[in-house]
Amino acid sequence: MSLFDKLFKKSTPKTGDAKVGAPTASIIGEAGLSADIQMPDQYLPLWELQKNRQLLEVKIGTASRVYQSMILAIDIERGLLWLDDLFPQQLILDAGDDITLRHHRHGEQLLVRAPVVALGSNYGAVGFAIELPEFATYAPRRSAPRYAIGHQSPLSVKIRTLGQEPSFGTLQDISSGGLRLMVAGNLLPHLRHGALLPLCEVNLNEELQIRCKARICAFRMGRSPYRHTQVSVEFLDLEEEKREALTRFLSESQFRSTGEQELARPSGIQQDFKRFAAA
């Protein structure tokens, strides 16, 4: 029996289950959910969500629409997280799509971004599998200001993936924790979720220059205003002094963008950012 035949094997719904069958016994055991197997600490939040059948917010790519789902199984051995079908029902999800899971708890949030590995519908079952993250923890909701300026950005960002020449793109938005850039053409063959970038560099002005390692958080292809790849990265080894300077730079701006809002912003913000960059 193949990996996904086992993973998506049909099972009999338990009494009281809302709308899906429970994971098969083999998946429960392999996922570390039986009483005689200890769940690693980094996955305890996921286990609690599964055990309590908590609903999660789900977004596909950078789309604004929010769906709901639940965790069906945590398969540590294979590095997979098995989720229930999305509600409301949709037909656009496919293997390779990036999704974002979110759960709020007492002012904190658990956030997981990962690609879809396989769809249960291809194996006669419910749900779908995504890559299991390295860890899952709750953290305070984003409080750092984010500056977003859209595709007319005047600032260039340089990144380098392992084994490749540097790529140059335009800055889309930036916070004290990371940035998003837009690179012309198709960069997807060289990108992988969670991969290390040996170099991420952007010069905001003569006094504030960001140069550090980074981790890829998300990426997608776009067609407007031209064919491009959007890449979101997290700063890894940014000096604390530099991070504080970046925070001050963003805080002093009257134009702030918080949460997971879209990149496009009025042209006035772009002009304001040019003024800051030229200062």
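Scope of this entry: the structure provided in the associated data block. (Residues numbered from 1 in each chain as written. Predicted model: local features only at pLDDT ≥ 70, side-chain atom pairs only at ≥ 80, totals over all residues. Heavy atoms only, no water.)

## Thoughts on the overall build of the chain
Regarding its fold elements, the chain presents five helices and 15 strands. By residue count, 46% of the 279 residues in the chain fall in the buried class. Pairs at least 24 residues apart make up 59% of the contacts formed inside the chain by residues separated by at least 6 positions. As displayed, the chain offers around 14600 Å² of accessible surface, 49% of which is attributable to carbon and sulfur atoms. (Helix = DSSP H or I, 4+ residues; strand = E, 2+ residues; numbered from the N terminus. Buried < 20%, exposed > 50% of the residue type's maximum accessible area, 1.4 Å probe, protein only. Contact = heavy atoms within 4.5 Å. Areas by Shrake-Rupley, 256 points an atom, 1.4 Å probe, with all protein chains shown as cover.)

## Quick notes on the pairing of strand 11 (residues 167–175)
Summarising burial for strand 11: seven of the nine residues are buried, a large majority. In this structure, the hairpin formed by strand 10 (residues 156–160) and strand 11 is closed by a connection of six residues, where Gly 163 is found at a positive phi of approximately 80°. For strand 11 and strand 12 (residues 178–184), the ladder comprises five bridges, and the chain directions are antiparallel. When the bridges of strand 12 are listed, Ile 174 appears paired with Leu 179. (Pairing = 2+ DSSP bridges.)

## A short note on the pattern of salt bridges
Scanning the entire structure with this criterion turns up six salt bridges. The shortest N-O distance in the salt bridge between Glu 48 and Lys 51 comes to 3.4 Å. Placement of the pair is Glu 48 and Lys 51 together in helix 3 (residues 44–51), with a separation of three residues, close to one helical turn. Relative accessible area serves as the criterion here: at 36%, Glu 48 is assigned to the partly exposed category. A salt bridge links Arg 78 to Asp 75, with the nearest nitrogen and oxygen atoms 2.9 Å apart. Using a relative accessible area of 25% as the deciding quantity, one classes Arg 78 as partly exposed. (Salt bridge = Lys/Arg side-chain N within 4 Å of Asp/Glu carboxyl O.)

## Some words on the environment of Arg 78
Mapped onto the fold, Arg 78 is located in the loop between strand 3 (71–75) and strand 4 (80–83). Side-chain polar atoms of Arg 78 contact the side chain of Asp 75, separated by 2.9 Å. (Polar contact = N/O pair within 3.5 Å; in protein donor to acceptor, adjacent residues only side chain to side chain.)

## Some remarks on unusual backbone geometry
Cis geometry is found at the peptide bond from Phe 87 to Pro 88, where omega equals -5°. One can find Pro 88 in the loop between strand 4 and strand 5 (98–105). Between Ser 224 and Pro 225 the backbone carries a cis peptide bond, its omega angle lying at 5°. Of note, Pro 225 is situated in the loop between strand 14 (209–222) and strand 15 (228–235).

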